[in-house]
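Residue-level listing of the chains:
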There are 2 protein chains.
Amino acid sequence: MNSNNVTIYDVAREAGVSMATVSRVVNGNPNVKPTTRKKVQDAIDRLGYRPNAVARGLASKKTTTVGVIVPDISNIFFADLARGIEDVATMYKYNIILGNSDSNRDKEIHLLNTLLGKQVDGIIFMGGRLHEDLVDEFKKSPVPIVLAATLNQGYDLPAVNIDYEQAAYDATEMLIGHGHKQVGFITGPLEQQINGEKKFAGYRRALEDAGLPFQENDVILGNYTYASGLEAMQKMLERDDCPKAIFAGTDEMALGVIHAIQDAGFSVPNDFEVVGHDNTRLATMIRPKLTTVVQPMYDIGAVAMRLLTKILNAEEVEEKNVVLPHRIERRDSLRND
Amino acid sequence: MNSNNVTIYDVAREAGVSMATVSRVVNGNPNVKPTTRKKVQDAIDRLGYRPNAVARGLASKKTTTVGVIVPDISNIFFADLARGIEDVATMYKYNIILGNSDSNRDKEIHLLNTLLGKQVDGIIFMGGRLHEDLVDEFKKSPVPIVLAATLNQGYDLPAVNIDYEQAAYDATEMLIGHGHKQVGFITGPLEQQINGEKKFAGYRRALEDAGLPFQENDVILGNYTYASGLEAMQKMLERDDCPKAIFAGTDEMALGVIHAIQDAGFSVPNDFEVVGHDNTRLATMIRPKLTTVVQPMYDIGAVAMRLLTKILNAEEVEEKNVVLPHRIERRDSLRND
DNA sequence: CATGCGATATAAAACGTTTCCAATTGGAAA
DNA sequence: TTTCCAATTGGAAACGTTTTATATCGCATG
């Protein structure tokens with residue numbers, strides 16, 4: 001009853017040809033006479049033959065499978081990215097093996113080696129920080145690796161990102177443009193380059209360009225979560241000179257910020273103005289709706305996968321370090337101009 | 001530089017043993033003298049040998065890979081489930097191939113066949129509705145298939161769920177217990193058995209047990225999204241006899257419902273009371289915080305994967321149709337008793 | 001009618017493991 | 001010493017494809 005265990009050899013016998021010929025028709029090789037092709041196709045249908053991808057992989061050294069290493073798929077941000085990757089993968093007949101690393105170096109390395117052992121044709125990596133050991137492993141990889149929403153930190157790995165520095169600059173500048181002389185910044189862990197160097201730098205540059213002083217305590221560390229945003233803002237609110245404009249490194253933290261403000265009896269955007277980052281679905285699931293930096297997660301995933309297919313097909317790749325455009329989506333957490 | 005292309009044969013030569021012995025060492029077979037084992041292990045380290053899982057899969061007919069078919073990984077609900085699956089899979093040394101079906105029958109069937117072609121050892125399936133054609137394919141599958149958060153609709157497939165009927169009953173009953181004589185129900189598509197038969201039935205049974213009449217227009221269809229919940233509630237609010245208690249089939253829809261109510265100038269929970277379903281992270285990201293039915297997504301995924309491993313290892317499985325407990329998490333969208 | 005050539009088809013060798021079965025080894029018992 | 005059995009090890013056949021080198025076919029050409 002299992003359409004299993006019927007091999008290319010069975011088909012060959014049934015059709016009265018050699019297995020090489022069956023292989024050709026299965027793979028759409030044109031060097032087959034139409035009548036032969038039909039004969040074989042009929043045999044295939046009759047027997048319910050399904051090619052064994054493992055055997056194929058062994059013989060051809062290609063598995064049409066790519067590995068995807070992600071910190072945490074249950075995070076809406078990465079889930080979106082993964083969907084972009086998978087859609088494009090499907091488009092190009094690839095499947096993805098998905099693994100969670102929790103941004104943990106050892107898990108990342110272990111996962112990488114497992115994937116390489118499974119002979120994936122390529123890998124897409126997401127992670128906050130590129131540990132040196134990991135990069136060493138990357139360099140030894142026999143297959144191409146593409147970074148998605150992950151800075152390549154000077155290593156010349158193909159990568160797809162937005163310009164985080166500029167995005168943070170734009171967000172901060174927009175807040176400053178609303179007359180604020182002080183802007184709070186709720187950020188993710190600074191050891192991740194994306195926060196510690198890019199967004200942070202953009203934030204400071206915007207202050208500087210506006211001639212505003214940088215104040216250490218206007219910056220509070222969070223861990224991307226709602227709870228951490230809430231807590232950070234509560235702490236901020238205790239100050240007498242609490243900034244009335246907040247830029248949060250993540251939408252989820254921004255929601256926490258807004259609720260902290262509202263819980264304290266203030267209004268957004270009348271008393272406080274808030275800008276988030278990412279434009280996840282969350283941005284519209286709050287009142288007031290969140291003004292946020294649009295980071296096209298799905299697109300980053302899709303473009304990363306497309307880039308990988310190009311590399312795999314040895315197609316021309318004009319630029320290995322792709323920077324996708326960002327913009328700010330204005331919603332109600334900012335006053336009208 | 002690639003640690004690639006070194007095979008078991010190279011290791012055998014380097015260590016001065018046969019490849020059978022190397023194979024034993026690699027697979028932790030105890031029938032190897034410790035000194036030999038060490039000799040081989042040294043050779044492995046020296047050469048940087050990494051077993052080729054594809055060849056192994058061909059020879060052993062096991063790939064230590066399972067397929068996961070999910071409607072949409074970018075949906076927070078399924079992302080959570082997937083994380084549970086992956087964690088347990090990792091625990092048992094499996095990897096997962098993840099594919100999105102968009103609950104589309106053709107995609108589901110195509111995906112299933114691709115996975116079977118890749119010789120996965122088993123499959124975990126999630127989907128709103130089990131199309132008959134799909135079940136036919138399931139029956140032909142040479143490997144076990146487990147349903148997660150998906151009703152098996154009378155087919156005797158292993159499945160992991162909660163008791164949706166009872167959960168809906170409990171939620172509705174709780175609302176009724178607060179004195180409401182009328183309860184609105186914002187539901188997902190009714191053609192999905194989980195809504196159309198289970199939740200809906202629980203809702204009606206609760207009304208009935210309380211001696212309340214069922215009113216057709218107290219039920220509004222949504223599609224799980226925030227927007228659909230918002231819209232549904234707006235429609236509901238136009239009525240003079242709008243129910244003041246709402247049970248939403250999904251947290252995301254519940255958020256929409258709450259916002260629609262607030263946008264209309266009413267208060268939750270003072271004017272309206274709302275109960276959601278799933279207890280996703282969203283439930284605490286709203287004011288008032290959402291009272292909701294706890295469906296343990298992560299656990300469902302984890303248990304489903306564990307069940308699959310049991311079946312794969314031919315372990316004793318006491319009950320193939322697992323029903324996990326649910327409960328209602330009380331938060332502020334309900335008045336205090 | 002032999003020749004030659006492109007178009008098709010075949011045979012057989014990889015691909016890198018696992019695994020069955022046979023062979024060898026080592027040491028305790030006789 | 002021998003003998004024997006259990007513990008180790010080795011040999012070689014799968015596993016189901018792809019792929020390369022080789023053969024065959026059909027037919028136009030001289």
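Anyway, here's the lowdown on the structure attached to this text.

What counts, and at which threshold
- Residues numbered from 1 in each chain as written.
- Chains lettered and ligands numbered in written order.
- Predicted model: local features only at pLDDT ≥ 70, side-chain atom pairs only at ≥ 80, totals over all residues.
- Heavy atoms only, no water.
- Pairing = 2+ DSSP bridges.
- Helix = DSSP H or I, 4+ residues; strand = E, 2+ residues; numbered from the N terminus.
- Axes fitted to C-alpha atoms, helices over the stretch in contact; angles between N-to-C directions.
- Contact = heavy atoms within 4.5 Å.
- Near = heavy atom within 4 Å.
- Polar contact = N/O pair within 3.5 Å; in protein donor to acceptor, adjacent residues only side chain to side chain.
- Buried area = accessible area lost by both parts, 1.4 Å probe.
- Salt bridge = Lys/Arg side-chain N within 4 Å of Asp/Glu carboxyl O.
- Nonpolar A, V, L, I, M, F, W, Y, C, P; charged D, E, K, R; others polar.

Looking at the sheet that holds strand E6 (residues 184–187) of chain B
Residue and element names in this part refer to chain B.
Link 1 in the chain: Overall, mixed pairing links the six strands, which are arranged E7-E6-E8-E9-E10-E12 in an open sheet. The open sheet has two free edges, formed respectively by strand E7 (219–221) and strand E12 (327–329), since each of these has just one partner strand. Here the average twist between neighbouring strands, direction ignored, is 20°.
Link 2 in the chain: By the bridge criterion, three bridges tie E6 to strand E8 (residues 245–248) in an arrangement that is parallel. Along E8, the bridge assignment pairs Phe 185 with Phe 247.
Link 3 in the chain: Contacting E8, strand E9 (273–278), strand E10 (291–294) and E12, helix H8 (residues 164–177) crosses the sheet at an angle of about 160° to E8.

Quick word on the protein's contact with DNA strand D
Link 1 in the chain: Around DNA strand D, 27 residues are found, and the nearest of them are Ile8(A), Ser23(A), Ala59(A), Arg24(B) and Thr36(B).
Link 2 in the chain: Looking at DNA strand D alone, sugar and phosphate atoms form 62% of those within 4 Å of the protein.
Link 3 in the chain: A distance of 3.2 Å is found between a phosphate oxygen of DNA strand D and a backbone nitrogen or oxygen belonging to Asn52(A).
Link 4 in the chain: With respect to DNA strand D, the side chain of Lys61(B) contributes an N or O atom lying 3.0 Å from a phosphate oxygen.
Link 5 in the chain: Every element with two or more residues in the surface near DNA strand D is listed here: helix H2 (19–26) and helix H4 (53–60) of chain A together with helix H2 (19–26) and helix H4 (53–60) of chain B.

Quick notes on the interface of chain A and chain B
Link 1 in the chain: On the side of chain B, 55 residues touch chain A, which itself brings 55 residues to the contact.
Link 2 in the chain: Looking at the side of chain A facing chain B, the largest losses of area belong to Arg83(A), Met285(A) and Arg287(A), adding up to 15% of the total buried there.
Link 3 in the chain: Put simply, chain A and chain B have eight salt bridges between them.
Link 4 in the chain: A salt bridge links Arg287(B) to Asp263(A); the nearest nitrogen and oxygen atoms lie 2.3 Å apart.
Link 5 in the chain: Linking chain A with chain B are 28 residue pairs in polar contact (both at pLDDT 80 or more).
Link 6 in the chain: Every element with two or more residues in the side of chain A that touches chain B is listed here: H4, helix H5 (76–91), strand E2 (95–100), helix H6 (105–117), helix H7 (132–140), helix H10 (226–237) and helix H11 (251–263) of chain A.
Link 7 in the chain: Broken down by element, the side of chain A that touches chain B gets its largest block of residues, six residues, from E2(A).
Link 8 in the chain: Along the lines of polarity and charge, the residues of the side of chain A that touches chain B split into 22 nonpolar, 20 polar and 13 charged.

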